[in-house]
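One letter stands for each residue in the lines below.
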Amino acid sequence: MDSDLFYRSLFDTMPVAVSIVADGKIVFANPATLSLLAATHSEQVLGHPITEFIHLLDQTRSQTRLNKAGPEWSNTPSQFRLRAANGEMKMLLSSSQSIAYEGRDAILITGMDMTAQAEMAEQLRVSELNFRRLFENMQDVYYRTDAKGVVQMVGPGVRNVLGYEPSEIEGKTAESYYPQAADSDAVKKAIMEDGKVADFPGQMVRKDGRVIDIAITSRAIYDENGAFAGIEGIYRDVTQRKMMERELQRLATTDPLTNIANRRSFLEQAEHIFKSTQRYHDSITLLMLDLDLFKAINDKYGHLGGDKVLTRFAQTVALELRDSDVFGRLGGEEFCVLLQHASKDEAMTVAERIRTRVQELDFEDPDGALFKLTVSIGVTTNFEGDERLAKLLERADKALYTAKHSGRNKVVWFS
């Protein structure tokens, strides 16, 4: 086989497009070139100017590369847009060099179809652009820490949530931004136990010192050896949501007039404490309070006047109680107090102090005249045989009944 036949056979079997251009026209094109240019026969390519297949926007750059002077030169690979014979646009990775062909100067051009790769690259570029746009504008804060809790990366959303620039947080430990280190430990413990957390509650301190509520959704990350490598996830500011939840909880458990526990809330708290006393054999004392002749006050001064009396009464009683005591309005003018860890003498002292303070109050009617108010109180404690909170309520109510029907403005103990 002579050399010309060898090279032609070689070019014909190569998967890479090989063409020769002389005087600006294609004078040789192997089958891969015809396939690249979507030509069904060689006449669609041979004899045609090379510029016919080069995209208009790439022609200047192409001609600069192909019109070099001198007998020997070459061009490194570069990408060009092609227009195939059927009008389809393709991306070509092409290199070229000067050669002698049939006794004249020519250019050998080799190329690979990069259309699919270019489309993938464009899709990746668009995907990355969309991701970056989402990342830059998301209200949640993306973060990633190493195994020691040092923040390796934090998203720009941190500017709105914590008031810091990302660069101010990266390189510092995540726990630096929690009100208490224990909060950070709780999140990490939950993640280490389950591998992830979703909407985990927590708090963080903003740059301006304000503490905000956050919800954390994160997962543990591991290296190729399976060793713990850190945590990544997002957190968001849920302060407004938590404030609304707390307000709804307050409205559901608080008497709207006196701002103390309503009937349902008081009984739920008292029931919880009662069950605890059963387990640990502790003592509790129940005070049932009822304003004397309150109906007469309502009749004389109207419900608005009666509401003012109830509000001031509740405020007066609350001043005599500890934080551990539970105070609630059962309805109308009837109130209840649960004292924890109080002896009979201590409970009676509290009840007497409340009765005295109420008796000393001066109320003013719409005309400026002063009037007084008294309260009757029934007191009891839990017994060993009590199975239900209702037993204490019954005894306290009986003691209250005795106080009301023995002259009012009294404290009565039921044993």
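Remember, it's a predicted structure, so these values are computed and weren't measured experimentally.

About the thresholds
- Residues numbered from 1 in each chain as written.
- Predicted model: local features only at pLDDT ≥ 70, side-chain atom pairs only at ≥ 80, totals over all residues.
- Heavy atoms only, no water.
- Patch = residues over 30% accessible without salt bridge, like charges linked within 9 Å, V, L, I, M, F, W, Y side chains within 5 Å.
- Areas by Shrake-Rupley, 256 points an atom, 1.4 Å probe, with all protein chains shown as cover.
- Salt bridge = Lys/Arg side-chain N within 4 Å of Asp/Glu carboxyl O.
- Helix = DSSP H or I, 4+ residues; strand = E, 2+ residues; numbered from the N terminus.
- Expected span 1.5 Å × (residues − 1).
- Buried < 20%, exposed > 50% of the residue type's maximum accessible area, 1.4 Å probe, protein only.
- Arc of directions from axis to C-beta.
- Contact = heavy atoms within 4.5 Å.
- Pairing = 2+ DSSP bridges.
- Axes fitted to C-alpha atoms, helices over the stretch in contact; angles between N-to-C directions.
- Phe/Tyr/Trp six-rings, centres within 6.5 Å; stacked < 30°, edge-to-face > 60°.
- 1 Å grid on protein atoms, 1.4 Å probe; cavity = no way out; pocket = protein on both sides within 12 Å on 5 of 7 lines; lining within 4 Å.
- Points joined across faces, edges and corners; volume = space filled by probe spheres on them.
- Nonpolar A, V, L, I, M, F, W, Y, C, P; charged D, E, K, R; others polar.
- Polar contact = N/O pair within 3.5 Å; in protein donor to acceptor, adjacent residues only side chain to side chain.
- Parallel < 35°, antiparallel > 145°, perpendicular 65-115°, else oblique.
- Core = buried A, V, L, I, M, F, W, Y, C linked by side-chain atoms within 4.5 Å.

Peer 1: Even after reading the chapter, I still don't get a nonpolar patch on the surface, so can you show me in this structure?
Peer 2: Taken together, the side chains of M244, L248 and L251 define a hydrophobic patch exposed on the protein surface, amounting to about 330 Å² of accessible area. Secondary-structure assignment places L251 in helix 8 (residues 239-253).

Peer 1: Explain helix 11 (residues 344-360) to me, please; I cannot follow it from the model alone.
Peer 2: Three or four residues apart is the spacing at which side chains of an α-helix point the same way, because the helix has 3.6 residues per turn. A rise of 1.5 Å per residue sets the reference length of helix 11, with its 17 residues, at 24 Å; its end C-alpha atoms lie 24 Å apart and thus fit the reference within 8%. Buried within helix 11 we find A347, M348, V350, A351, I354, R355 and V358. Buried residues along helix 11 cover an arc of 160 degrees about the axis, so they all sit on one side. The elements touched by buried residues of helix 11 are strand 11 (284-291), helix 10 (294-318), strand 13 (334-340), strand 16 (375-381) and strand 17 (411-413).

Peer 1: Teacher, can you tell me more about the sheet that holds strand 4 (residues 89-101) here?
Peer 2: Note: strands within a sheet are paired through backbone hydrogen bonds, in either parallel or antiparallel orientation. A sheet is described by the order of its strands in space; here 5 strands give the open sequence 2-1-5-4-3, paired in antiparallel fashion. The sheet terminates laterally at strand 2 (25-29) and strand 3 (74-83), the two strands that pair on one side only. The average undirected angle you get between the axes of adjacent strands in this sheet is 35 degrees. The strands touched by helix 3 (residues 59-66) are strand 3, strand 4 and strand 5 (104-113); relative to strand 3, the strand with the most contacts, the crossing angle is about 150 degrees.

Peer 1: Hey, could you run me through the packing of aromatic side chains in this one?
Peer 2: The description of an aromatic ring pair rests on the distance of the ring centres and on the angle between the ring planes. The tally for this structure, following the rule as stated, stands at 7 aromatic pairs. Ring centres 5.5 Å apart and planes at 25 degrees place the aromatic pair F363 and F371 in the stacked group. When its relative accessible area of 5% is taken as the criterion, F363 is described as buried. Three or more aromatic residues link up through ring pairs in this structure, and these residues are Y301, F363 and F371.

Peer 1: Is there a simple way to explain the sheet that holds strand 8 (residues 196-205) in this structure?
Peer 2: Across the sheet, which stays open at both edges, the 5 strands sit in the order 7-6-10-9-8 with antiparallel pairing between neighbours. Two strands close off the open sheet at either side, each with one partner strand: strand 7 (151-154) and strand 8. Sheet twist, expressed as the average angle between the axes of neighbouring strands with direction ignored, equals 30 degrees. Sheet strands in contact with helix 7 (residues 181-194) are strand 8, strand 9 (211-222) and strand 10 (228-237), and its direction is about 170 degrees off that of strand 8.

Peer 1: Hey, could you run me through the layout of surface pockets in this one?
Peer 2: If a probe as big as a water molecule is rolled over the atoms, it shows which places are left empty. For the largest pocket, the calculated volume is near 350 Å³. Contributing elements (two or more residues each) for the lining of the largest pocket: strand 6 (141-146), strand 7, helix 7 and strand 10. Counting residues per element, the lining of the largest pocket draws most heavily on helix 7, which supplies 4 residues. Residue composition of the lining of the largest pocket, by class: 15 nonpolar, 4 polar and 5 charged.

Peer 1: Got a minute to help me understand empty space enclosed by the protein in this structure?
Peer 2: The tally for this structure, following the rule as stated, stands at 1 cavity of 30 Å³ or more. Considered as a void within the structure, the largest cavity measures approximately 270 Å³ in volume. Lining the largest cavity we find 20 residues, and of these I50, L82, L92, S94 and I109 sit closest to its centre. Taken together, the residues of the lining of the largest cavity break down into 12 nonpolar, 7 polar and 1 charged.

Peer 1: What exactly am I supposed to notice about the environment of D386 here?
Peer 2: When you line up the elements, D386 lands in the loop between strand 16 and helix 12 (389-404). The buried category is assigned to D386, whose relative accessible area is 8%. Remark: the alpha-carbon pair of D386 and V238, spanning 148 residues in sequence, is separated by 44 Å. There is a polar contact of 2.7 Å between the side chain of D386 and the side chain of R395.

Peer 1: What am I meant to see in the packing of helix 9 (residues 263-280) against helix 12 here?
Peer 2: Relative to each other, helix 9 and helix 12 sit at 115 degrees, their axes nearing to 9 Å. Of the possible angle classes, the one that applies to helix 9 and helix 12 is roughly perpendicular. Contact with helix 9, carried on its side by L267, A270, E271 and F274, involves L389, L392 and L393 of helix 12 and no other residues of that element.

Peer 1: I tried to follow the pattern of salt bridges on my own but got confused; where do I start?
Peer 2: If the charged atoms of two oppositely charged side chains come close together, the side chains can form a pair. This model, assessed by the stated rule, comprises 24 salt bridges. For D290, the salt bridge identified is with K404, shortest N-O distance 2.8 Å. Residue D290 is found in strand 11, and its partner K404 is found in helix 12; the two are separated by 114 residues along the sequence. Here R322 and D325 are joined by a salt bridge, their closest N and O atoms 2.7 Å apart.

Peer 1: Looking at this structure, I do not really get the nonpolar core. What am I missing?
Peer 2: Nonpolar side chains in soluble globular proteins generally cluster together in the buried interior. One finds L287, L289, I354, I377 and V379 to be the most contacted residues of the largest nonpolar core, which totals 33 residues. Per element, the largest residue contribution to this core is 8 residues, and it comes from helix 10. Setting aside chain neighbours within four positions, we find L287 in contact with F335, C336, V337, L339, A351, I354, I377, G378 and V379. Counting 23 residues, the second-largest nonpolar core is a separate cluster that includes V141, V158, A174 and Y235.

Peer 1: Help me out: how do you make sense of helix 9 in this one?
Peer 2: Over its 18 residues, helix 9 extends 26 Å from the first C-alpha to the last, a length consistent with the 26 Å expected when each residue adds 1.5 Å. Taken residue by residue, helix 9 has S265, F266, A270, I273, F274 and T277 as its buried positions. Buried residues of helix 9 fall within an arc of 165 degrees about the axis and therefore sit on the same side. Exposed and oriented more than 90 degrees from the buried face of helix 9 are H272 and R279. Remark: H281 follows helix 9 within two positions and exhibits a positive phi of approximately 55 degrees.

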